[in-house]
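Next come the chains, spelled out residue by residue.
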Amino acid sequence: MLSESIKKLVEYGIAAGLTPECERIYTTNLLLELFHESDYEDVPCDVSGIVLEDVLADLLDEACARGIIEDSIGYRDLFDAKLMNCLMPRPAQVQADFWKKYEESPEAATEYFYKLSQDSDYIRRYRVKKDMKWKVDSPYGEIDITINLSKPEKDPRAIAAARNAKSGSYPKCLLCMENEGYAGHLNHPARENHRIIPITINDSRWGFQYSPYVYYNEHCIVFNGQHTPMKIEKQTFIKLFDFIKLFPHYFLGSNADLPIVGGSILSHDHFQGGHYTFAMAKAPIEIPVTIAGYEDVEAGIVKWPLAVLRIRCRDEKRLIDLADHVLKVWRDYTDETAGIFAETDGEPHNTITPIARKVGEIFELDLTLRNNLTTEEHPLGLYHPHAQYHNIKKENIGLIEVMGLAVLPSRLKEEMEILADYLVEGKDIRKNEKIEKHAEWVDTFRGKYDTITHENVMDILKEEVGITFTHVLEDAGVYKCTEEGRQAFMKFIEKL
C-alpha cells in the first residue's frame, strides 16, 4: 500500500536524521506528488526496524505498476534517488552542519558527512556489502583484495535506450560540481540525493565527496571545481598537503596523468583519499637515501613491488619542493639498460603517482615512479599487468591498486565458484568456456596443495588470486625488487 510505504520512508528519514520531525507532512506531500497521488491515509503500521532497501523496493514496484517508470535497474535507480531527495536537507544545510561539526574536530565532520552519504542512499549500503573482500599475506605486507559487485549490470532494454538517448554535455563528467542534485538519465547516474562540501585548496574552489562504491573506509574524492584535465606538477603536491592540513586523519593521493598508468577519468583533475591504512603505508623504508640539498628530509626506497620513494619532514613545504625536483628529473630520465625511456617519438612516458599523509607530526609523501611505455611483447604496457595474469587483472593499475588494494572485475565471483567445483571434482577446466582462461593459471598452483576439498577450495583460490595480484603489482614496478632493480633505482636517485 502506497501510504504505508511512504510513511515508512518518511519515518526512516526522521530516524536517520535526514528529515526533521517538523517536515514530516511536507516530506510526505513531496513523495505523494512523485506518484501522481493526491490522497494519503496515515495507516497504522510497524515502523520499528525499517529496512531502507525493502521500503524502496516496495515504492519502486508501485512506480512500475503505475507506469511512472519502466521496470529495469536503470530506471529504478534514477527514481529511487528522486525518492531519497525528498528526505534530504538542502546543500547549504549540509555544508553548515559539516563546518559546525568541523569546529569540534575534522573527524567529527567527516563522520557526519560519511554517515549522511550512506543514509541518503547515495552510497547504497546494501549493494556495497555484496562486494567480496579478503586479505592475503605477501612479501610486502597484507594485500587487500576486493571483487566489485556493487555496480549494477544494465539490462538489455536499458542499454538499448541509453544508446538511442540524446547525448549531452551537462554535466561534462561524473566529477563536475554540476552533478549535485542532477536528476540523471540512463547514460548518467542520478545525483539528486548527492551532496558536496566545497573546500578551498591551493586558493581555488574544490569539492569534497565520497565515492558511491567505497572500496575502503571513508573512500573520498576531492575534485577541482573546474572541469580541467589531470596534471601532475608542483601545484599537485601543494593541493595534496592543503587537504591533509584540513583533514590530517585522511590520506590523499592522485592518479598519474598519463594513459595506461593513470586512472579511468583523466579529463577532470581529482584526487582520492580516505580513512584507511593500506599495506603500502605500512611498508618500511628498505634503503635510506640522502638527497643533496634536502638533507633535512628523511628519504628512502620503500619495500614495495612498485618503485616508491618515500620522503618525510615536519615542514610540508620542503616535501613539496623536493617532490617537484624528483618529478622534473624523472620526467626527463632515460636509462635504456633498465628499460626506462622518458619519451619515444615525442610521446612522454614518465610520471608519478603521489600519495600524501600525516603520521603524528610528520608529513609524508610517497612518490611512485610510473612509465607507460608499450612494446611489441607488451602492447598494453611494459609496466602494466602482463598477459599471463589477464585472467585475473587486465585493467590499469591506478592509485588504489598502487597502494595495495586489488579492484577486480565482477566476473571473477562466478568464475571462482565454477573453478571451485571443477577443482574439487577433478573436471577439465579447458572444456568450460567461462573458465578456460584460468586453466594455465590453475596448473601453476594445483600441485602445491595435497588435497583440495569443498572446505578449503575457496580459501585456496582466494590465496592464489592474492598471489597473482602481487605479481601484477610487480609487473607495474619500473624498478623490480631485485638487486639489479635496486641498483637501477639508486642510479636514478643519484641524479637528484
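Residues numbered from 1 in each chain as written. Predicted model: local features only at pLDDT ≥ 70, side-chain atom pairs only at ≥ 80, totals over all residues. Heavy atoms only, no water.

Chemist: I'd love a proper account of the environment of L309, names of residues and values included.
Modeler: Mapped onto the secondary structure, L309 falls in strand β10 (residues 308-313). Not counting residues up to four positions away in its chain, the partners in contact with L309 are V289, I291, G300, V326, L365, D366, L367, F489, I493 and L496. (Helix = DSSP H or I, 4+ residues; strand = E, 2+ residues; numbered from the N terminus. Contact = heavy atoms within 4.5 Å.)

Chemist: So what's going on with the sheet that holds strand β7 (residues 270-274)? Residues and values would help.
Modeler: With antiparallel pairing, the 10 strands of this open sheet are ordered in space as β3-β4-β5-β7-β6-β13-β14-β10-β9-β8. Strands at the two margins of the open sheet, each flanked by one partner only, are β3 (197-201) and β8 (285-289). Between one strand and the next, the sheet's axes are offset by a mean angle of 25°, whatever the strand orientation. Here β10 pairs with strand β14 (residues 362-371) via six bridges, running antiparallel. Its bridge partner lying in β14, C313 is registered against F363. Set on the sheet, helix α9 (residues 234-246) makes contact with β3, β4 (204-210), β5 (220-224), β6 (251-253), β7, β13 (350-359) and β14; between it and β13 the angle comes to about 20°. Across the face of the sheet, helix α11 (residues 316-331) comes into contact with β10, β13 and β14 while running at roughly 10° to β14. (Pairing = 2+ DSSP bridges. Axes fitted to C-alpha atoms, helices over the stretch in contact; angles between N-to-C directions.)

Chemist: Can you break down the pattern of salt bridges residue by residue, with the values?
Modeler: Under the definition given, this model contains 42 salt bridges. Ionic pairing is found between E415 and K437, a salt bridge with its closest N-O pair at 3.0 Å. You can see E415 sitting in helix α13 (residues 411-425) and its partner K437 sitting in the loop between α13 and α14 (439-445), a full 22 residues away along the chain. With a relative accessible area of 7%, E415 lands in the buried category. One salt bridge in this structure joins D421 and K427, with 2.9 Å as the shortest N-O distance. The exposure class assigned to D421 is partly exposed, which follows from its relative accessible area of 29%. (Salt bridge = Lys/Arg side-chain N within 4 Å of Asp/Glu carboxyl O. Buried < 20%, exposed > 50% of the residue type's maximum accessible area, 1.4 Å probe, protein only.)

Chemist: Give me the packing of aromatic side chains: which residues, what numbers.
Modeler: If you walk through the whole model with that rule in mind, you get 33 aromatic pairs. Residues Y216 and F251 carry aromatic rings whose centres are separated by 5.8 Å and whose planes lie at 40° to one another, so their mutual orientation is tilted. In this pair, Y216 is assigned in the loop between β4 and β5 and F251 in strand β6, connecting sequence segments 35 residues apart. Of the two residues, Y216 and F251, neither departs from the other in class, the shared state being buried. Aromatic pair W441 and F445: ring centres 5.0 Å apart, planes at 75°, arrangement edge-to-face. With W441 and F445 both in helix α14 and four residues apart, this pair spans about one turn of that helix. Across the pair, F445 and W441 agree in class, each one buried. Each member of the aromatic cluster is reached from another via a ring pair, and the members are F98, W99, Y102, F113, Y114, F208, Y210, F243, F247 and Y250. The lysine or arginine in question, K427, covers the ring of Y422, its NZ or CZ lying 5.1 Å from the ring centre. (Phe/Tyr/Trp six-rings, centres within 6.5 Å; stacked < 30°, edge-to-face > 60°. Lys NZ or Arg CZ within 6 Å of the ring centre and 35° of its normal.)

Chemist: Tell me about the packing of helix α1 (residues 2-16) against helix α3 (residues 52-65), residues and numbers included.
Modeler: Running from N to C, α1 and α3 cross one another at 145°; their axes reach a closest spacing of 10 Å. Considering how the two elements wind past one another, α1 and α3 form a crossing that is left-handed. The residues of α3 that touch α1, namely those facing L2, S5, I6, K8, L9 and Y12, are L52, V55, L56, D58, L59 and E62. Looking at side-chain class alone, the contact of α1 with α3 contains eight nonpolar, one polar and three charged residues. (Left-handed = near helix turned anticlockwise from the far one by under 90°. Nonpolar A, V, L, I, M, F, W, Y, C, P; charged D, E, K, R; others polar.)

Chemist: Give a description of α3 that names residues and reports values.
Modeler: In this model, α3 (14 residues) spans 20 Å end to end at C-alpha, consistent with the 20 Å of a helix rising 1.5 Å per residue. For α3, the full list of buried residues reads L52, V55, L56, L59, L60, A63 and C64. Tucked into the core, α3 has its buried residues touching α1, α4 (73-85), α6 (106-119) and α7 (125-128). One or two residues past the end of α3 sits G67, with phi positive at roughly 75°. (Expected span 1.5 Å × (residues − 1).)

Chemist: Break down the sheet that holds strand β1 (residues 132-138) for me, with residues and values.
Modeler: Pairing is mixed in the open sheet, where three strands are placed in the order β1-β2-β15. Both edges of this open sheet fall to β1 and β15 (405-408), since each of them pairs with a single strand only. Put simply, the sheet's adjacent strands are angled 20° from each other on average, direction ignored. Here seven bridges tie β1 to strand β2 (residues 141-147), and the two strands are oriented antiparallel to one another. Note that in β2 the partner of V136 across the bridge is I143. Contacting β1, β2 and β15, α13 crosses the sheet at an angle of about 100° to β2. In the packing of helix α15 (residues 457-476) onto the sheet, contacts are made with β1, β2 and β15, and the angle to β1 comes to roughly 65°.

Chemist: Please provide a residue-by-residue account of the nonpolar core, values included.
Modeler: Judged by nonpolar contacts, the single largest core of 93 residues is most densely connected at F208, F243 and Y479. A283, Y389, V402 and L423 belong to the second largest nonpolar core, which has 52 residues in total. (Core = buried A, V, L, I, M, F, W, Y, C linked by side-chain atoms within 4.5 Å.)

Chemist: Can you break down the pairing of β10 residue by residue, with the values?
Modeler: Counting buried positions over the six residues of β10 gives six, a clear majority of the element. Side chains V308, R310 and R312 of β10 all project onto a buried face; the interleaved residues L309, I311 and C313 project onto the opposite face, where all are buried too. Inspection of the sheet shows strand β9 (residues 298-302) paired to β10 by four bridges, in the antiparallel sense. In the sheet register, E298 faces β10, and the bridge partner there is R312. What sits between the antiparallel neighbours β9 and β10 is a turn of five residues.

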